[in-house]
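Here is what each chain is made of, one letter per residue.
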Amino acid sequence: MSLKLASIPKDIFITLLETFWLPYGPCQVSISLEVPGEDGWYIERSFGGYAPENHSSHRETSFTLDNFSGQICLDWNLAADHVISAALPIFNTLMRRELQNLIQQTRLQNSHNQLTAMMQATPLAMYAVTLEGLIKYWNTAAEETLRLPRSSVLGQRVEDPVLDAAFTVLRKNLSRGRPLKTQRIEQQQSDGSSRTLELSAAPFSEGNEILGLVGVAREISAAEKQLIFAEQQRSLLESVLAFANDSVLITEAEPIEAPDGPRILYANEAFTRTTGYSLEEVLGKTPRILQGAQTDRKALDRLKLALKSWQPVEVELINYRKDGTPFWVELSIAPVANARGWYTHWISIQRDITDRKTSALQQEKERNEVLELAARNVPLGDVLTKLISGLEREWPDRVVGFVLADQSQPKLYVDRSDLRDFWERPAVLQMLLQAKDHVPIALGAADGGQGWWAQTQTLRSDGGKRRGVIAVLSRHLIEATPGEREQLDAAASLAGLVINRYDAQHRLEQQALYDSLTGLPNRLHFGRELKRIIDQAEKRNTQMAVGLMDLDRFKLINDTLGHSAGDLLLQQIAVRLRATLRSEDSLARMGGDEFLLAFTGLTRPSQLEELAKRLILAIEEPFVLEGQEVFIRPSIGLSLFPTEGQTPELLLQQADAAMYQAKRRGGGFAFYSSPDIGNGVSTITLESALNRALEREEFILHYQPQFETQSGRLIGMEALLRWQHPELGLIAPNDFIPLAEVTGLIVPIGRWVMEEATRQAVEWSQLFPDLIMAVNLSARQFGQQDLIEQVRVVLEKTNLRPQQLELELTESMLMHAEEATDILKRLKDLGVRLAVDDFGTGYSNLAYLKHFPIDTLKIDQSFIQNLTKNGSADSRDRALLSAIINLAQALNLTVTAEGVEHELQLTFLTEEACDVLQGYLLKRPQPRELMSLWLEELKKLGKPIQFESAVK
């Protein structure tokens, strides 16, 4: 590389010229230096009083070096000719030599500058450290990577203690002649996170003297960390596999279906030690070399099935060693996948469980023998001795005994008679009974000799009462292993089962047949007793009855006073019922807040009515719970034998249906009455037909219009269910709905009614866009957990606007449903309308009108019918109706009067501004086809009906 003239310092040549020529006397010397393409430079000096006018001599010489060319001119006096002329070649040589040195120095400096620039520009963080730890070099990348500015580290030690410690390790290894291993450090950052740095270094020296370290630093990326971690894990795994006690095999993933199966690629030392095979003997073979005659085929089938589906599997089976001896293993196999998710290998871990299996089989055999002895009523001492002998065989250096706590004194059961005197010492027995489980205690000998160490495990009765201990004695302190503790626990459990056998039988009978809370017989016991009572009534040709009693609003007691108060109430009710019933009657708790009753020796139906009234009066008396008076009202359903039902199951079903009827009336009691469908059809036959009616499409809907009172405008329809039986004809709702409710069939029937009615509403909405379809909900439907979802699905399925669907619920349903408020709110969230049907027949609790999100009140038709009567009753009903209408309208509720059948009723309701009217006087219920024709005619008419013309 050519140098520029400007890079050559002129001062050096001036000094050389003056130094060399000054001693030579009068003379003048000039030097010119040129480089092609650049301006040259010229130096001239005179020495010794040189005067140009004096006669002088002139001489020139030139030289070239690299791209430089120079000329030296000399003028001198003649008197000095012999000296100066000889000096000129010498000066030329010195000039060339000086120029050559300068060229070399400049080139070296340029190379140094270039190298320095390269080191500064390189992305590698470079550093140099002296043996004393002082920083000699620190490039820009080092500033960025190590987060320390050059100005703060050059010539001194770094302040970062972690980084300085890494440099110190490298320096010490260098000074001690050790390899300079790469250092990895974790550097904490200001945000609390950390990063990993890697430092590598090599020595730098002058001649044979080492002066320090030069190296690079870099930050390890997350991907590199993962690779490093994976490598560490691989190395660790290799160490674990090499020294593991369990046998480990790694096989190829394929071919599973090959006759010999996947081949073995790796086996650890534990495998060769356990099986007797060397590594060379198994590599390339398959695990089938371990199988033999006793290997469980079913376990192998499970393995094969798991391998085919690439699933992990665990089995226990018998393998065979190289010498042919069998041994039990617990085998776990799992597939291994690569980074792309492809299965590449199988890894299997085998644990030798021969000792455990042998011990478990022996323990199971001894357990069965103990249970067999207990089942044969062998004396307790013999059964416990059998247990003791098994444990002492497992623990030959220990002695086992049972100490049972008794009312008089502890009872001891031991097998070794020579130690009985020691065991039976009262102090020893008490210490054993009071000892904590698995905590060793020292028992001293009475004669001052060697004592015993004891560990115990508690024996408990079924009720958790401490019955005694099983004690294990040893001459020296022996800490029980986890396996021995487990075995001791199992022995204590088995002993407890044997000890409490007869007590347990009695307790099991109590638990199976009696209610733990009230002490009353339970449903199972009642069922047996009811069968006996029915058989007795048949033999004596007498009547009996079954009752089912439910406590109205019992959940309110639980929610307000707590479950403990609810339990106390149930106990007090049981006491009152016992006191009220006759001695020959039966009482049981069915569950929850329901009680079962059986009345025998009845001579007339009124006798049962009197008994029911007595029960109601007894329950309606106030109860005192936690210092508060609580009132409760029962609903009792009654079914007579043999008038209604003839089997226990049917009588209970009928009582359940009657109880729901009583609930709908607001409490009290109700008798079950068979549906009056003629032809002598039994309830069982009707129930059977009812089960098939839905799938045979025997149900139909009739629709009855609802009119706005002031305008006569049609605003809605009520869907009314009918059963068109192919043989019995049209069956009225009152004849089959009670049966549908008790059997639960009302739920699918109600779902069908809702879907069919909403579909019809969509069709009729083409004639009357805002037509509201009213659908009745049964109590069972209202209690369904998926009611909200049912309504939502029906609306979505039929595309009916939610505000066009009105769900009618009875007053008693709202008062008895446990979660009425939440259910109603969720229904309103769907956008449907809610109506209270038969208002005035239930509790008539006006408070719920404010709290429940109700849109409509439907006044029960019994109030409407009384409007046609004469006398004071009529006036009271008129006043009551007026009050209901005014109250509802004040609460922004729509009032619907159903059952309008006479002109007097129409007139009164119109005058009282009742909102909506419905009844035979205006329009009778009709099936879909006839109602569709009427609606079309009404649409053609184009105006609301006039009630006067409708009446005519």
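Note that the structure is a prediction, hence the values are computed from the model and not measured. (Residues numbered from 1 in each chain as written. Predicted model: local features only at pLDDT ≥ 70, side-chain atom pairs only at ≥ 80, totals over all residues. Heavy atoms only, no water.)

### Notes on the pairing of strand β2 (residues 41-47)
Note the cut-off: For two strands to count as paired, DSSP must find a minimum of two bridges between them. Secondary structure elements follow DSSP: runs of H or I no shorter than four residues count as helices, runs of E no shorter than two count as strands, and numbering proceeds from the N terminus.
When strand β1 (residues 27-34) meets β2, the two strands line up antiparallel, connected through seven bridges. For Gln-28, the partnering residue across the bridge sits in β2 and is Ser-46. Here β1 folds back onto β2 in antiparallel fashion, the turn holding six residues, of which Gly-37 has a positive phi close to 85°.

### Concerning the environment of Asp-437
Convention followed: Partly exposed describes any residue whose relative accessible area lies between the buried limit of under 20% and the exposed limit of over 50%, with all areas from a 1.4 Å probe on protein chains only and scaled to the type maximum. Polar contact criterion, stated in full: a pair of N or O atoms within 3.5 Å, where within protein one must be able to donate a hydrogen and the other to accept it, and residues adjacent in sequence count only if both atoms are side-chain atoms.
Relative to the helices and strands, Asp-437 is located in the loop between α12 (426-434) and β17 (441-443). Take Asp-437: its relative accessible area is 30%, and that puts it in the partly exposed class. Each C-alpha atom, one on Asp-437 and one on Gly-261, is 51 Å from the other, the two residues being 176 residues apart in sequence. Among the polar contacts made by the side chain of Asp-437, one reaches the side chain of Thr-458 at a distance of 2.7 Å.

### What to know about the pairing of strand β12 (residues 313-320)
The buried fraction of β12 amounts to six of the eight residues, a majority that puts the element mostly inside the structure. Bridge count between β12 and strand β13 (residues 326-337): eight bridges; the pairing is antiparallel. Bridging across to β13, Leu-317 finds its partner in Val-329. Turn length for the β12-β13 hairpin, with the two strands adjacent in sequence and antiparallel, is five residues, and the turn residue Gly-324 shows positive phi of about 95°.

### Regarding the sheet that holds β2
Heads up, the condition is: Axis definition: a line fitted to C-alpha atoms, limited for helices to the stretch in contact. Angles are taken between N-to-C directions and run from 0 to 180 degrees.
On the basis of which strands lie adjacent, the open sheet formed by four strands has the order β2-β1-β4-β3 and antiparallel pairing. Each having just a single partner strand, β2 and β3 (56-65) make up the two edges of the open sheet. Averaged over all pairs of adjacent strands, the angle between strand axes in this sheet comes to 10°, irrespective of strand direction. Where β1 lies against strand β4 (residues 68-77), eight bridges are found, and the strand directions are antiparallel. By the bridge assignment, Ser-32 is partnered in β4 with Gln-71.

### So, the nonpolar core
Using the following cut-off: Side-chain atoms within 4.5 Å are what join buried Ala, Val, Leu, Ile, Met, Phe, Trp, Tyr and Cys residues into a set we call a nonpolar core. Throughout, a residue-residue contact means that at least one pair of heavy atoms, one from each residue, lies within 4.5 Å.
Phe-782 and Leu-807 are the most contacted members of the largest nonpolar core, which has 83 residues in total. For Leu-807, the contacting residues outside a window of four places in its chain are Met-754, Val-775, Leu-777, Val-791, Leu-827, Val-832, Arg-833, Leu-834 and Ala-835. Among the nonpolar cores identified, the runner-up in size contains 33 residues, and Met-549, Leu-561, Leu-608 and Ala-612 belong to it.

### Considering helix α15 (residues 523-540)
Short version of the rule: Each helix should span, by expectation, one fewer than its residue count multiplied by 1.5 Å.
Taking 1.5 Å per residue as the helical rise, α15 with its 18 residues ought to reach 26 Å, and the 25 Å between its terminal C-alpha atoms agrees with that figure. Positive phi appears at Asn-541, one or two residues downstream of α15, with a value of about 55°.

### Observations regarding unusual backbone geometry
The amide bond that connects Phe-641 to the next residue, Pro-642, takes the cis arrangement and shows omega of 5°. Positive phi outside glycine occurs at Glu-626, with the angle close to 55°. Residue classification places Glu-626 among the exposed positions, given a relative accessible area of 55%. If you check the backbone angles, Glu-697 has positive phi at about 55° while not being a glycine. Classification of Glu-697 as exposed rests on a relative accessible area of 69%.

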